[in-house]
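Residue-level structural notes
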Amino acid sequence: MKRIYIVDDSVKLRKRLYELLSDVENVQVIGQAGNADQALDDIRVLKPNTVLLDIRLPGKNGIQLLGEIKDLEPEIMVIIMTNYD
């Protein structure tokens with residue numbers, strides 16, 4: 001089972017990703033956050049095996065958070081998302 005955590009500052013996009021992924025067999029969305037600090041706290045506790053990560057976040061950006069995630073749990077797969085050029 002894929003345990004996915006969603007990190008994006010857009011509530012609308014997080015909700016849509018949750019809806020899409022909830023219908024996929026062997027996928028469980030275990031949490032979501034709109035900023036890097038909340039995401040890192042949750043990832044420590046929830047231990048997802050995949051993180052969908054927006055590159056632009058309030059406070060720390062997605063690249064900074066990616067480094068912190070890999071320092072914490074190197075085996076987590078991180079998929080970077082953005083709609084910026």
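Up top you'll find the structure we're talking about.
For the structure given in this document, a descriptive report is provided here. On a predicted model such as this, the values are computed, not experimentally measured, just so you know.

Within the secondary structure, glutamate 25 sits in the loop between α1 (11-22) and β2 (27-33). Residue glutamate 25 is classed as exposed on the basis of its relative accessible area of 69%.

Take the packing of helix α2 (residues 36-46) against helix α3 (residues 62-72) next. As a packed pair, α2 and α3 sit with axes 11 Å apart at the nearest point and diverge in direction by 15°. As the angle between them shows, α2 and α3 are arranged roughly parallel. The element α2 and its partner α3 pack so that their crossing is right-handed. Facing Ala36, Ala39, Leu40, Ile43 and Arg44 of α2, the residues of α3 in contact are Leu65, Glu68, Ile69 and Leu72. Each residue belonging to the contact of α2 with α3 can be placed in one class, and the counts come to 7 nonpolar, no polar and 2 charged.

Moving on, we get to unusual backbone geometry. One non-glycine residue with positive phi stands out, namely asparagine 26, at about 65°. Considering the arrangement of structural elements, one finds asparagine 26 in the loop between α1 and β2. A relative accessible area of 48% means that asparagine 26 is categorised as partly exposed.

Each value, and the rule that gives it
- Residues numbered from 1 in each chain as written.
- Predicted model: local features only at pLDDT ≥ 70, side-chain atom pairs only at ≥ 80, totals over all residues.
- Heavy atoms only, no water.
- Helix = DSSP H or I, 4+ residues; strand = E, 2+ residues; numbered from the N terminus.
- Buried < 20%, exposed > 50% of the residue type's maximum accessible area, 1.4 Å probe, protein only.
- Axes fitted to C-alpha atoms, helices over the stretch in contact; angles between N-to-C directions.
- Parallel < 35°, antiparallel > 145°, perpendicular 65-115°, else oblique.
- Left-handed = near helix turned anticlockwise from the far one by under 90°.
- Contact = heavy atoms within 4.5 Å.
- Nonpolar A, V, L, I, M, F, W, Y, C, P; charged D, E, K, R; others polar.

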